[in-house]
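Letter by letter, the chains look like this.
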Amino acid sequence: QAMAPLHPVAVQCQEAQVVVTVNRDLFGTGRLVRAADLSLGSASCLPLSQSPAESTVTFVAELHECGSTLQMTPDSLIYKTSLSYKPTPSGNLVIVRTNPVVVPIECHYPRKSNVSSNAVRPTWVPFRSTLSAEERLMFSLRLMDDDWSTERLSNGFQLGESLHLQADVASEGHVPLRLFVDDCVATLSPDRNSSPRYTFIDLSGCLVDGRADDTTSAFISPRPRQETLQFVVDTFKFAGDNRNLIYITCHLKVSPADQAPNPWNKACSFNKASSLWAPVEGTGDICSCCETGNCPMHG
């Protein structure tokens, strides 16, 4: 709207916390929302103050608080949370005059340099050399564009589209590694053990969603490189639930690149044309347990 404030929600990503300032004229209509109807994150953290006289509402939270999630990419640490506006009826009325709103909030921090000059004292070992010496493995799971060239800017999908997911591992001076996706589960909350849940990769690397009727879900073969595994999953939502936000949690692991894939380190898709399971690499027999369901979980 023409009279809407240009920036009704302002975010400051500080060294250890995020500050969110909300203009109570959230919709630019001149009708101020109630501070009590605003909350931050899945933990529904409340603002610093809820004075009806103030025109803005401020939230201050540590980066890991209020149910925020952390995503790691090769270059960044990304803390994600959201501002929620859930209008409640005032007085004895049973109606509300505004829509609920969820505003996604992200804070990006570089992984390969220090967040501030105060973080390292001159007598300490430099940050980069510490990482290199410990040979840490850095895993990431990203939504990609359809051509796999760049990370997808939006996490919104329509039913009928496909998720293009790319798992990567980066290491500092480690032996060559091959990445696998052990399992992936979709839930309606960040807790992977919550209910309802749908496991679409299971049994140490079987993309079981591709076994269902009318799906094209599969691992991409060949890999672009040993440290990367790409897979496509048809979009879905939970039956009987009108929530549109789904959380995906995957367990990633690596094996030495010179070790042949086996029943516990594999990436198997179901080929509907042949009605057989096929691996991204390795011999076909390593996928036979995807059909029987008795794959070894460790090796």
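Now for a description of the structure that goes with this document. Remember, predicted model here, so these are calculated numbers, not experimental data. (Residues numbered from 1 in each chain as written. Predicted model: local features only at pLDDT ≥ 70, side-chain atom pairs only at ≥ 80, totals over all residues. Heavy atoms only, no water.)

What about the state of the cysteines?
- Taken as a whole, this structure holds six disulfides when the rule is applied.
- Between the sulfur atoms of Cys-45 and its disulfide mate Cys-66 the distance is 2.2 Å. Given an S-S torsion of about -110°, the disulfide between Cys-45 and Cys-66 has left-handed geometry. Of this pair, Cys-45 sits in the loop between β3 (38-40) and β4 (56-62) while Cys-66 sits in the loop between β4 and β5 (69-72), placing them 21 residues apart in sequence.
- Paired through a disulfide, Cys-289 and Cys-295 show a sulfur-sulfur distance of 2.0 Å. Here the disulfide of Cys-289 and Cys-295 is right-handed, its torsion about the S-S bond being about 100°. Judged on exposure class, the residue Cys-289 and its partner Cys-295 are both buried.
- Disulfides within the protein link the bonded cysteines, taken in sequence order, as 1-4, 2-3, 5-7, 6-11, 8-9, 10-12. (Disulfide = S-S within 2.5 Å. Helix = DSSP H or I, 4+ residues; strand = E, 2+ residues; numbered from the N terminus. Buried < 20%, exposed > 50% of the residue type's maximum accessible area, 1.4 Å probe, protein only.)

Looking at the sheet that holds β4
- Here three strands make up an open sheet; going across it, the order is β1-β2-β4 and the pairing antiparallel. Each having just a single partner strand, β1 (9-13) and β4 make up the two edges of the open sheet. Strand-to-strand, the axes of this sheet are offset by a mean angle of 15°, without reference to chain direction.
- When β1 meets strand β2 (residues 17-23), the two strands line up antiparallel, connected through five bridges. Looking across to β2, one finds that Ala-10 is bridged to Thr-21. (Pairing = 2+ DSSP bridges. Axes fitted to C-alpha atoms, helices over the stretch in contact; angles between N-to-C directions.)

Looking at the pairing of β5
- In terms of strand pairing, β5 meets strand β6 (residues 76-85) through four bridges, oriented antiparallel. Bridging across to β6, Leu-70 finds its partner in Tyr-79.
- Joining the antiparallel neighbours β5 and β6 is a turn of three residues.

A short note on the nonpolar core
- Judged by nonpolar contacts, the single largest core of 21 residues is most densely connected at Val-181, Cys-184, Phe-200, Ile-201, Phe-219, Leu-229 and Phe-231.
- If you list the elements that add at least two residues to this core, you get β9 (162-171), β10 (177-187), β11 (197-201), β13 (228-234) and β14 (247-256).
- If near-sequence neighbours (up to four positions away) are discounted, Phe-200 is found in contact with Cys-184, Val-185, Ala-186, Cys-206, Leu-207, Val-208, Asp-209, Phe-231, Val-233, Phe-236 and Ile-248.
- Core analysis: the next-biggest nonpolar cluster, separate from the first, contains 19 residues, Val-20, Val-33, Ala-35 and Cys-107 among them. (Core = buried A, V, L, I, M, F, W, Y, C linked by side-chain atoms within 4.5 Å. Contact = heavy atoms within 4.5 Å.)

Topic: empty space enclosed by the protein
- Enumeration according to the criterion identifies one cavity of 30 Å³ or more in this entry.
- Put simply, the largest cavity is a space of about 70 Å³.
- Along the wall of the largest cavity there are 14 residues; nearest its centre are Val-18, Leu-63, Ser-68, Tyr-79 and Thr-81.
- Contributing elements (two or more residues each) for the lining of the largest cavity: β4, β6 and β7 (101-110).
- Here the residues of the lining of the largest cavity are counted per class, giving eight nonpolar, two polar and four charged. (1 Å grid on protein atoms, 1.4 Å probe; cavity = no way out; pocket = protein on both sides within 12 Å on 5 of 7 lines; lining within 4 Å. Points joined across faces, edges and corners; volume = space filled by probe spheres on them. Nonpolar A, V, L, I, M, F, W, Y, C, P; charged D, E, K, R; others polar.)

That's the geometry; what it means functionally is another story.
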